[in-house]
Amino acid sequence: MIRFVSTRDRKGPSCTVSEAMLKGLAPDGGLYVPETMPSLPASFSISGGVADAMYQAIKPFFEGDELENDLEEICHSAFNFPVPFKDLGEGRVLLELIYGPTSAFKDFGARFLAFSMEKLLMRRGEEKTILVATSGDTGGAVAAAFWRRNNLKAKVLFPKGRVAERQRAQLTTWGDNIESYEVDGSFDDCQKMVKEAFMDKSITEGLSSSNSINIGRLLPQMAYYAYASQLYLDMYGKKPVIIVPSGNVGNVTGCFWAKAMGSPIERIVMATNANRTIPDYLESGEYQPRASVKTLANAMDVGAPSNMERLFDMFPTFEDFSQAVSARSVSDSEIQRTIKEVYDEDNYIICPHTACGERVRRDYFQSCPTIVVSTAHPAKFDTIVEPLIGRTVPIPKNLWEIIQKESYAKEIGKDYKELF
Ligand SMILES: *Cc1c(COP(=O)(O)O)cnc(C)c1O
């Protein structure tokens, strides 16, 4: 049975994966990691499809856990949408993680966590309220995933006037057990209110978080790389270099875990936007987190990536880190140029985040077998993409249905007590 420990104290108290999912953060403020990284099962096979392959990859982490016998059903319920390759020719593949309910890769982790928590809470006869502050993408994926899950409620906070129209729809059209709060303030104010609520002893007991450091969001992000790298090897006969558009580095951490478990991955490359914390670290050897800058790939506007603690846990010295990790930064003008170039040359439309990955492939890995991760559907970023390509982006059915529904949000000030 695999126990989970904190990145800040590997010798400290340990817990099961289910406990780690319910807690979110370790009590000492660190992030949960497995005591020892398991290998993929010797029988690992992708012939049963993506949900089954992801189940096999996640299974070793649940050996002996209270959810062990539910895991297969959870995976099949959570990962019930396609995960196709888009081949641009000559082994240049895009891994499209964009066909979930909110058209972005965060659907995988949010859905796995929601289905797992529902099972755990129903069995324990407990209820929890998820609090989430969002500047855009995360809140939508969490709201969609927790909608109508038993024993769970979600309160979604977002800054008034600062989210795009289509993003706002994904935060406010759910109803039932999802409550949306439009805060008269900034994203930082929203985050502060969530922190204050968690510190209030009279309410903290019934609260839970679903943010990207939760182990339940990370494991699916490992599992789709186990699937995709094997599929690539089967199709093209070579191990791929995988290029991951990165901000908080949760998605790419999943990729490093898949490689550590034995997946056929040649090398892992982060593509960042103008937030250069990690590329600068690789150049200078000094890690300097900083305030974020605004870019066109706004879901990657992170200056102090929270999952770095897990990567430092894997690669403790600068030498280890710089041998295993590559990172390249892409500017806003390069993002625009790449969206246009891919449309003109390949007749394919990508989002601004995916464009960072595609630029890095075109500039540095042109002649290698490569997978670039497509992190969101371009229709979510219509106001950026459409003027560049001179046409409208067709909206996927999921997204269209959400946008059509009636929107409701409660307007509140900056006092967290207004949430309860
Ligand atoms: C969250 C997000 C990212 C960044 O992923 P991290 O795990 O934070 O590195 C990239 N693209 C999109 C569309 C996202 O929503």
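Since the model is a prediction, treat every value here as computed from it, not as a measurement. Starting from 1, residues in each chain are numbered consecutively following that chain's sequence as written. Per-residue local features of the predicted model are confined to residues with pLDDT of at least 70, and side-chain atom pairs are confined, for both listing and counting, to 80 or more; whole-chain, interface and lining totals are unaffected and use all residues. Excluded from the side-chain calculation are hydrogens and water; included are all heavy atoms of the structure.

## Considering the site of the ligand
Worth spelling out the cut-off: Proximity criterion: a residue is near a molecule or strand once any of its heavy atoms comes within 4 Å of it. For the purposes of these results, a polar contact is taken to be a pair of N or O atoms within 3.5 Å, where, inside protein, one atom must be able to donate a hydrogen and its partner to accept one; residues adjacent in sequence count only when each atom of the pair is a side-chain atom. Here the accessible surface of atoms and residues is derived via Shrake-Rupley with a 1.4 Å probe, and residues count as covered only by protein chains that are part of the display. When residue character is reported, Ala, Val, Leu, Ile, Met, Phe, Trp, Tyr, Cys and Pro are called nonpolar, Asp, Glu, Lys and Arg charged, and the others, Gly included, polar.
Around the ligand, 14 residues are found, and the nearest of them are Lys-106, Asp-137, Gly-247, Asn-248 and Asn-251. Within the side chain of Lys-106, an N or O atom sits 2.5 Å from an oxygen atom of the ligand. In the environment of the ligand, an oxygen atom lies 3.1 Å from a nitrogen or oxygen atom belonging to the backbone of Gly-250. Isolated, the ligand exposes 380 Å² of accessible area, and the fraction of that covered by the protein chains is 97%. Among the residues making up the shell around the ligand, the classes are represented as five nonpolar, seven polar and two charged.

## Considering empty space enclosed by the protein
Our working rule: Here a cavity is any set of points on a 1 Å grid over the protein atoms alone where a 1.4 Å probe fits but cannot get out, and a pocket is any open set with protein on both sides within 12 Å along at least 5 of 7 lines; a residue lines the site when it has an atom within 4 Å of a point. Grid points are joined across faces, edges and corners, and a volume is the space filled by probe spheres set on the points.
Taken as a whole, this structure holds one cavity of 30 Å³ or more when the rule is applied. Split by residue class, the lining of the largest cavity holds four nonpolar, six polar and no charged.

## With respect to the environment of Gln-366
Inclusion rule: Helical segments are the DSSP runs of H or I of at least four residues, strand segments are the runs of E of at least two, and each set is numbered from the N terminus. Each residue is assigned to one of three classes by its accessible area relative to the maximum for its type, calculated with a 1.4 Å probe on protein chains only: buried under 20%, partly exposed between the two thresholds, exposed over 50%. What makes two residues a contact is simply this: any of their non-hydrogen atoms within 4.5 Å.
Note on placement: Gln-366 falls in the loop between α14 (352-364) and β12 (370-374). Owing to a relative accessible area of 43%, Gln-366 belongs among the partly exposed residues under this scheme. Separated by 275 residues in the primary sequence, Gln-366 and Gly-91 place their C-alpha atoms 10.0 Å from one another. Beyond its immediate stretch of four places on either side in the chain, Gln-366 contacts Arg-92 and Arg-361.

## A few points about the environment of Pro-394
Within the fold, Pro-394 resides in the loop between α15 (382-389) and α16 (397-404). Residues Pro-394 and Tyr-348, spaced 46 residues apart in sequence, show a C-alpha to C-alpha distance of 12 Å. In this structure Pro-394 touches His-377 and Ala-379, once residues within four positions along its chain are discounted.

## Some words on the sheet that holds strand β5 (residues 128-133)
Defined as follows: At least two DSSP bridges between two strands are needed for those strands to be called paired. Think of each axis as a best-fit line through the C-alpha atoms, taken over the contacting stretch in the case of a helix, with angles from 0 to 180 degrees between the N-to-C directions.
Strand order in this open sheet of five strands is β8-β5-β6-β7-β13, and the pairing throughout is parallel. A single partner strand is all that each edge strand has here, and the edge strands are β8 (207-208) and β13 (410-412). One ladder, built from two bridges, connects β5 with β8; its direction is parallel. Across the sheet, the residue bridging to Thr-129 is Leu-207, located in β8. Along the sheet, helix α4 (residues 106-124) contacts β5, β6 (152-159) and β8; its crossing angle with β6, the most-contacted strand, is approximately 140 degrees.

## A word on the nonpolar core
Definition in use: What we call a nonpolar core is a set of buried Ala, Val, Leu, Ile, Met, Phe, Trp, Tyr and Cys residues that are connected through their side-chain atoms within 4.5 Å.
Formed by 98 residues in total, the largest nonpolar core has its most connected members in Ile-58, Phe-62, Phe-146 and Met-222. In terms of residues, this core owes the most to one element, helix α8 (residues 215-236), which gives twelve residues. Counting residues in each nonpolar core, the second largest holds 30 residues, with Ile-349, Ala-355, Cys-356 and Val-385 among its members.

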